[in-house]
Amino acid sequence: MNGAASPGVFYRQTVDYEEGNNSCFLLQSPIYSQQYSQIYFCRLAALRKEVESSARSKWTGNVLFVDRLLHLQQGVDCVIFGVLYKEMDLKPSILKEYSKNPAEPVPVLPVRPSFTSDTDTVILEDETGRIRLNFENCSFGADTFLTGTVIAIKGQETPSGDFSVDDICFPGIPSLTIPYSLENDVFVMFVSGIGLGATWNIPMREAMFLDFISGKLGNEEDYRFCSQIAHLFVLGNLLCDVGQETLMKKLQEQQTVNAGQQFFNAEHLISADRFLTTLLSTIPVTLLPGEMDPTNFLLPQQPLHPCLLPSSSKYISLRRVTNPYQCQVNGRNILACSGQNVDDACRYSKFDWNSVEDRLLIMENFLNYRHLCPTAPDTLPCYPYYEEDPFVLKECPHIFVAGNQPAYGTRLIESAGTKVCLLCVPDFSTTGQVVLLNLRTLTSQVMEFMIDLSS
Amino acid sequence: MDSSASPVEDDIIQESLEYESEKQEIAEAVEGSNFEYLFLSYARTNNPLGTQQGRNLCILQLDLDFEIVERDQFLKDSSSAAVVRIYGVTESGSSVLVRVHGFRPFFFINCPVNFDPVDLPTLKGCLEKRARELTSVHKCQGPVVRDLEVFEGRSLLYFVPNDPAVQYLKITVALPTHIRQLAQLLERGDVDFGRYERTRYLTFEASVDFLLRFMIETNMYGCSWIELPSDKCQFPKKQTSHMQFEVDIHYTDLICHPPHGEWLRTAPIRILSFDIECAGRPGVFPEPEHDQVIQIANYLTETGKSEPIARTVLTLGSCAPIAGARVVSFNSESELLEAWVSFLAVTDPDILTGYNIVNFDLPYLLNRANVLRLSTFPFLGRLIGIRTKMQDTRLSSSAFGTHESKSFTMNGRVIVDMLQILVRDYKLRSYSLNSVSFEFLGEQKEDVHHSIITELFHGNENTRRRLAVYCLKDAYLPQRLMEKLMSLTNYMELARVSGIPLAWLLSRGHMIKVVSLLHRKGFAEGLLIPDMKNAGHNSGEEGESYEGATVIEPKRGFYNMPIATLDFASLYPSIMMAHNICYSTFVRKSDVQYLKPEDYIRSPSGDCFVRPTIRKGVLSKILEDLLSARKIAKKELAEATDPFLRSVLNGRQLALKISANAVYGFTGASRGKLPCTEISASITAFGRQMIETTKSLVESKFPSSEVIYGDTDSVMVKFRDELTLEESMALGQQAADIISQSFPKPIKLEFEKCYFPYLLIQKKRYAGLLWTKTQTYDKMDCKGIETVRRDNCKLVANVISKVLEKLLIERDVQGAIDFVKRTISDLLQNKVDISLLVVSKELSKAAADYDANQAHVTLYKKLYQRDAGSAPSLGDRIPYVTIKGRKDQPAHERAEDPIYVLEHNLPLDTEYYLKNMLRKPLERIFRPIIGDKVSSLFEGEHTRSITVTTPSTGGIMRFTKVSVSCLGCRTPIPQSENEQPLCKYCKANEASIYEKILGNVREYERQYAMLWTQCQRCMGSICQDVLCSNSDCPIFYRRRKVQKDLQDASKQFQRFAIHSSPPAW
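From a predicted model like this one, the values you see are computed outputs, not experimental measurements.

**Details of the overall build of chain B**
- On a plain count of helices and strands, chain B comes out with 24 helices and 34 strands.
- The buried share among the 1065 residues of chain B stands at 47%.
- Partitioning the intrachain contacts of chain B with sequence separation of at least 6 by distance along the chain shows that 71% fall at a separation of at least 24.

Quick look at the structure:
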């Protein structure tokens, strides 16, 4: 364990690393003959009890709890439960695209930072029906909510058939274990969006990063510090050239079906393989796929296939995992994702795309909603689960980290006497930043690799 | 080129409805059915009328009819009489029935030769005596001939030199039916007038509908306000209707306000939109003889209120509650139907709407009640105890085509079927409620096939709830459509402008509007309209056709320069006004010699009309009124800010335009009320002459200019080859101004638009980019290029619109050619989405009744053999694609169900699509541009690569054995290495082969997510499975296909995964 045996030689610290329960994210033999309704059904079934108990402790006294929407009575003050659904005029719709351009085989939907508008309405649905929510008598607005969230609502049905909201209640942050305390500082590092192959990429920054990790950069202080970094998480977008649009274009331009076409730039794959190999010789790595990486598109994204990374895959220190992914490092539960869930939540609520504070708030909300990606499947594509909704959070992680965010940000929140660290890891290819997290204190720091070309 | 200016307009209604049936029997003692208590909260609020306080009662008239009474209690008169019933609403929303007494119908005949007025009583006696001999008149209490007087006037038809006034006899009779009976006797000369010689009399205005007569007499317009002086109102003791108030009044005491100024406003009108669901048997469209009505959804609104008054669904069997709606369940179907009658009676709607209610919902309910022997059901009108009867009607109109339909006696409720409105007013590819809602409301609705309805019905209260939600949506959408398209406002304005009841606008053709206007204007001037026997006009043989509008032979081609378009504004109306063309100014050929030459105008077709200085034509006056009213409405529209007033004014100006254009058609309608081919021929002749004159004037005043095309009311001018849009517009304006001066007022040649570029394919077929200002173009304007035809697949429409876009907007001929080639290449390689290749036809009669072999019929038989239960039924539209078959197998046998094709990987006959569907329309477009090179589009490199899918069942596949093959090169992989995805030779390329398959997986995953979430959204629930079976929706086939594609791709993908499961730690 302990670092300096002799001056100049530092041994990298090691950590206890345990896989979390990721089996539900690994799809062995997916089937697609079902529809998306089941996933909402399962989500509601899984969280109904939780939200009810949290509502019962929030609203004590003589409140009527209505078990199903169909038993709702007009004009009576009561609490109802269900899944939220937001109707948004600006929500991209394939039908709208078809009506604009009917010849398009399957159009690409427009993407932008926000799809909210003043006319958005929120609907609560359960297995038995749906009702439109009316926020005139409360301080909430339609703009903070997300489709797919399980919620309890206090209010009353109006004569016009709406439900007038007085107050709301989410399931709340799930319980978490108190981790054992650590004596020494030990760090894990998070990087995301290295984006090998991106045109705007600065190759020398990656080289510096590699040099730093392998302890070739800086002075002895730096080496010592570096040796305290026990593990590296790559949170998606190691590569960059599989944007959906370029893929679509390639598919369309393809004149004949039989030509063996290559969708990914082999060179980039080779450089990614080389990059990983270099890393792996000095530090164990957990590799999550991201939006741009060569794996499937629906969440959960499956681990990158070894044939794509022939030499690095041979290292036992490489864990190719799913996105999202959970594990335990030194008794700290880490829940990691590559950031699509946070991005999507930004687009469909009033939160500012560029504000990292807002993004941390979204992550905290996810914990409150007990759901990792409420907007899936409505606006965030995911696998059509039909027996359970694996994105429901059964326990709270100690560290909840999202990759590919516009900037670095962190927040410590208290839950049940324990600290929970929320972490936004910026995109490396645009910022040159990586994030270091001290597992002992759950405090983090950002580190930037910069090349001053002027000198 | 106004479509309404069709030369032959012949609307005829063949109604089996006889006037006798107006004498309604009142069913004895029909108790108000016992479900009214359920709906009392939806009843109209009880606002006192205020007549006690001496306020006059103002009512917006919405419908009217009449009844025959043996004796008139109000008049204390014991003779048979017709009482007009007016159904209306007050400003505060109270419904009022006004019974108007004392009005007797009348008609005119020419006076007997050497008539002496002292003989009037004798004549009256003779006529009465003769009338009494008619058996049908026996029951009439009191005299039949109520009055006989001399009337000085003129016939509307023909101007007679010196314009002498003529004496006519005005015959007033007891009942409306007597008019026709007496007129027939007089026309036959079957009345003995004592000392006067027996002769066949000419009758005038005997064919005027009684209600129209009444409205003309009282100066009442359709949907107009009437005022009842409080001291003249009498309130009957016994209520005879479901309306809130009933009033009796004498017709002379009515004050009718013409719809102007403050009387343009409207009152709160109650509109009920409803929909029924029936539980059909498998494979058969529901029939009232066998299949139950299981749900009736009602959406009740009031104009001016944003929230509905009631959203109620009546269900058979228990049904779980629906948020925001009221569910009322019944144990028996009879109760359900009775409850609906109660609902109608209590809520008292003025307008009944829905989608296809006239030909489906209402007949079904009435027939079903009949089957159930439910004597209390057929009372859907507003009068207590008056049975609702259903009749078959046939409306043939050149404008609307021939439609068989039903009519109902619904006293006081106007039926506005949104399907009929849409079919009349909009040209669409599909009129299904679904596609119409998508088109106009941007809303897709779930389409539940009737076979699923039965399943849902037999489920539990939750599945029935599901059905009820669907049913409610079907009731809600027609109301939304009505609101969005402002159909009610527009039709009410049309009723006001043309002066006929609202209901007539829907049940009759265009002509009735002109008839009303002509009578109103003519009668005010003492002009009597002769009764014409159909096609009995003296002008010549039946079927004689006159020359239609001119078309200047088009100079075909692709014009890459601005083409100015000069239009005659309201061509035919302005010709009629300019040349004073009318029935009343038309001079008989034999009479022309008695006129001074300066007193008449001779039309290019040789007929003469007197100048307005001698007598101004009635038609001219009508048109002037309409057009100046339109000008005012447009001006007010420009100034108005209130959205509701704006919609009224816009509806009004549209109504005025429609009415003005209908006048010309009326004169030419060979089977109409007053056809006069000389008039319509003269109008078109003037039109032709004007087009010719314009052409020669343009070409002489603007050297080097050329008229490349002209049709009916417009000419297309190419001024010079090199010309900017600005210059062209300036020249166009100049030309319009100069040439207008050579025509009499109010004919005006207008310059409004340029086409640039312009593709002229042939006459009445062209496309161009339309510019009215130089900054940006307005739109792409296509005429006669059928993209909405249903017997084409969508691919054709899509390709053509895209090609035109490329040619005209992007001006990229090569791009258009490349696009066509790429599409053809995609088609041949099977890359075109199947939904674009689907053609659908309705199975309109039983399969055995089709003579020729038609694709959809052959397919129907095939489907029926496959599974009788799920096979389509009569009235369903059958979608199909054409697949490859045996050599020489006729195309109709190769029609196949698209879903079946998807599931079995059947190969499509893409060449058939190319040759029979795409080629002709594309050739037409490209020939003017690339000439004979056009065939290169369909031949060459891009047509060489052809992909044919291998069917997964049948045929050759029965002899094959499935074995694992390499995903790279398809070589079979030996059993020993069965787990491997690749053969040993492809192993080296593993990454790139993996990536290729991954590419497919990602794309299909993306599609899967988009398509299925969209369906979930449309359906209006995220927790329930999508059931929709709307094959019109662009998603329908794609979402099925993507499931299969993704499953297949994912299976290949998994072979890599199995091979290399992640290392275990």
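**As for the overall build of chain A**
- When helices and strands are counted, chain A shows nine helices and 20 strands.
- In chain A, which comprises 455 residues, the share counted as buried stands at 48%.
- By sequence separation, contacts in chain A at least 24 residues apart represent 73% of the contacts at least 6 residues apart.

**A few points about the sheet that holds strand S34 (residues 895-896) of chain B**
Residues and elements named next belong to chain B.
- Pairing is antiparallel in the open sheet, where three strands are placed in the order S32-S33-S34. The sheet terminates laterally at strand S32 (839-842) and S34, the two strands that pair on one side only.
- Sheet topology places strand S33 (residues 877-882) next to S34; two bridges connect them, and they run antiparallel. Residue pairing across strands places Val 881 opposite Glu 896, the latter belonging to S34.
- Running at roughly 100° to S33, helix H20 (residues 855-866) makes contact with S32, S33 and S34 of the sheet.

**With respect to unusual backbone geometry**
- The omega torsion of the bond from Leu299(A) to Pro300(A) falls at -10°, within 30 degrees of zero and hence cis.
- Assignment of secondary structure puts Pro300(A) in the loop between strand S12 (285-288) and strand S13 (318-320).
- We note that Asn237(A) has phi near 55°; this positive angle belongs to a residue other than glycine.
- Mapping Asn237(A) onto the fold places it in the loop between strand S11 (229-235) and helix H5 (244-253).
- The backbone phi angle of Ser704(B) is positive, close to 70°, even though this residue is not glycine.
- Along the chain, Ser704(B) turns up in the loop between helix H16 (677-701) and strand S27 (706-711).

**Focus on the nonpolar core**
- Formed by 430 residues in total, the largest nonpolar core has its most connected members in Phe190(A) and Leu423(A).
- For this core, the element with the highest residue contribution is helix H23 (residues 990-1019) of chain B, accounting for 14 residues.
- Those residues in contact with Phe190(A) that sit more than four places away from it in its chain are Phe233(A), Leu235(A), Val401(A), Leu423(A), Val425(A), Val434(A), Val435(A) and Leu437(A).

**Digging into helix H13 (residues 571-578) of chain B**
- Among the eight residues that make up H13(B), seven are buried, leaving the element largely enclosed by the rest of the structure.
- Along H13(B), the positions that sit buried rather than exposed are Leu571(B), Tyr572(B), Pro573(B), Ser574(B), Ile575(B), Met576(B) and Met577(B).

**Side note on the sheet that holds strand S20 (residues 444-448) of chain A**
Residue and element names in this part refer to chain A.
- Taken in spatial order, the six strands of this open sheet run S13-S12-S11-S10-S19-S20, and their pairing is mixed. Strand pairing shows two members of the sheet lacking a second neighbour, S13 and S20, which therefore form its edges. Ignoring strand direction, the axes of neighbouring strands in this sheet form an average angle of 20°.
- Examined bridge by bridge, strand S10 (residues 187-191) and strand S19 (residues 433-438) share four bridges and lie antiparallel to one another. Bridge assignment links Phe 187 to a residue of S19, and that residue is Asn 438.
- Where helix H6 (residues 266-280) meets the sheet, its contacts fall on S11, S12 and S13, and the angle it forms with S12 comes to roughly 150°.

**Quick word on the domain arrangement of chain B**
- Assigned domains within chain B: domain 1 (46-268), domain 2 (269-488), domain 3 (532-783), domain 4 (794-943) and domain 5 (964-1059).
- Distance between the C-alpha centres of domain 2 of chain B and domain 3 of chain B: 43 Å.

**Brief notes about the domain arrangement of chain A**
Residues and elements named next belong to chain A.
- Assigned domains within chain A: domain 1 (4-29 + 175-448) and domain 2 (37-169).
- Taken together, the contact pairs 26 residues of domain 1 with 23 residues of domain 2.
- Elements represented by at least two residues in the side of domain 1 that touches domain 2 include exactly H5 and helix H7 (340-347).

**Details of the interface of chain B and chain A**
- Between chain B and chain A, the contact holds 59 residues from the first and 62 residues from the second.
- Secondary-structure elements contributing two or more residues to the side of chain B that touches chain A are helix H18 (794-809), H23 and helix H24 (1036-1059) of chain B.
- Take the side of chain B that touches chain A: its biggest share by element is 22 residues, from H23(B).
- Split by residue class, the side of chain B that touches chain A holds 25 nonpolar, 21 polar and 13 charged.

**With respect to the confidence of the model for chain A**
- Within chain A, residue pLDDT values average 85, and 90% of them lie at 70 or more.
- Across residues 254-262 of chain A the pLDDT falls below 50, and counting only partners more than four positions away or on other chains, this stretch makes eleven contacts in the model.

**Observations regarding the packing of H13(B) against H16(B)**
Residues and elements named next belong to chain B.
- Close contact between H13 and H16 brings their axes to 10 Å; oriented N to C, the two are set at 105°. Considering the angle they form, H13 stands roughly perpendicular to H16. Contacts between H13 and H16 involve Leu 571, Tyr 572, Ile 575 and Met 576 from the former and Ile 683, Phe 686 and Gly 687 from the latter.
- In the contact of H13 with H16, the residues fall into six nonpolar, one polar and no charged.

**A few points about the packing of H18(B) against helix H22 (residues 910-930) of chain B**
Residue and element names in this part refer to chain B.
- Orientation of H18 relative to H22, taken along the N-to-C sense of each, is 20°, at an axis distance of 10 Å. Taken together, H18 and H22 sit at an angle that is classed as roughly parallel. The handedness of the crossing between H18 and H22 comes out as right-handed. Listed contacts from H22 to Val 796, Val 799, Ile 800 and Val 803 of H18 are Met 917, Leu 918, Pro 921 and Ile 925.
- For the contact of H18 with H22, a count of residues per class yields eight nonpolar, no polar and no charged.

**Focus: the confidence of the model for chain B**
Residue and element names in this part refer to chain B.
- Taken as a whole, chain B shows an average pLDDT of 83; of its residues, 90% reach a score of 70 or greater.
- Across chain B, element-level confidence peaks in strand S16 (residues 351-354) with a mean pLDDT of 95 and bottoms out in strand S1 (residues 12-15) with 39.
- Below a pLDDT of 50 lies the segment residues 1-24, which in the model reaches 69 contacts outside its immediate sequence neighbourhood of four places, other chains included.
- The model gives residues 1060-1065 a pLDDT under 50, and that stretch makes five contacts with residues more than four places away or in other chains.
- Across the whole predicted complex the pTM is 0.73, and at the interface the ipTM reaches 0.91.

**Some points on the environment of Leu49(B)**
Residue and element names in this part refer to chain B.
- With respect to the secondary-structure elements, Leu 49 resides in the loop between S1 and strand S2 (57-69).
- Given 22 C-beta atoms within 10 Å, Leu 49 falls into the buried group.
- Separated by 632 residues in the primary sequence, Leu 49 and Ala 681 place their C-alpha atoms 54 Å from one another.
- With residues up to four places along the chain from it excluded, the contact list for Leu 49 reads Leu 57, Thr 90, Ser 94 and Phe 245.

**Some points on H22(B)**
Residue and element names in this part refer to chain B.
- For H22, spanning 21 residues, the distance from its first C-alpha to its last is only 25 Å, which falls clearly below the expected 30 Å at 1.5 Å a residue.
- Of all the bends found along H22, the most pronounced is centred on Leu 918 and spans about 50°, while Pro 921, a proline, follows it within four residues.
- Buried within H22 we find Thr 910, Tyr 913, Met 917, Leu 918, Pro 921, Leu 922, Ile 925 and Phe 926.
- On its buried face, H22 is in contact with strand S29 (749-762), H18 and helix H19 (813-828).
- Positioned one or two residues after H22, Gly 931 has a phi angle of 60°, which is positive.

**Regarding the environment of Leu374(B)**
All names here are of chain B.
- Summarising the element assignment, Leu 374 is placed in the loop between helix H5 (357-371) and strand S17 (390-397).
- For the pair Leu 374 and Glu 338, spaced 36 residues apart in sequence, the C-alpha to C-alpha distance is 8.3 Å.
- Residues within four places of Leu 374 in sequence aside, it is in contact with Ser 334, Leu 337 and Ala 369.

Conventions used here
- Residues numbered from 1 in each chain as written.
- Chains lettered and ligands numbered in written order.
- Predicted model: local features only at pLDDT ≥ 70, side-chain atom pairs only at ≥ 80, totals over all residues.
- Helix = DSSP H or I, 4+ residues; strand = E, 2+ residues; numbered from the N terminus.
- Buried ≥ 20, exposed ≤ 12 C-beta atoms within 10 Å, placed from the backbone.
- Contact = placed C-beta atoms within 7 Å.
- Pairing = 2+ DSSP bridges.
- Axes fitted to C-alpha atoms, helices over the stretch in contact; angles between N-to-C directions.
- Core = buried A, V, L, I, M, F, W, Y, C linked by C-beta atoms within 7 Å.
- Domains from an automatic or database assignment.
- Nonpolar A, V, L, I, M, F, W, Y, C, P; charged D, E, K, R; others polar.
- pLDDT = per-residue confidence, 0-100.
- Parallel < 35°, antiparallel > 145°, perpendicular 65-115°, else oblique.
- Left-handed = near helix turned anticlockwise from the far one by under 90°.
- Expected span 1.5 Å × (residues − 1).
- Bend = angle between axes of the 7 residues up to and from the residue.

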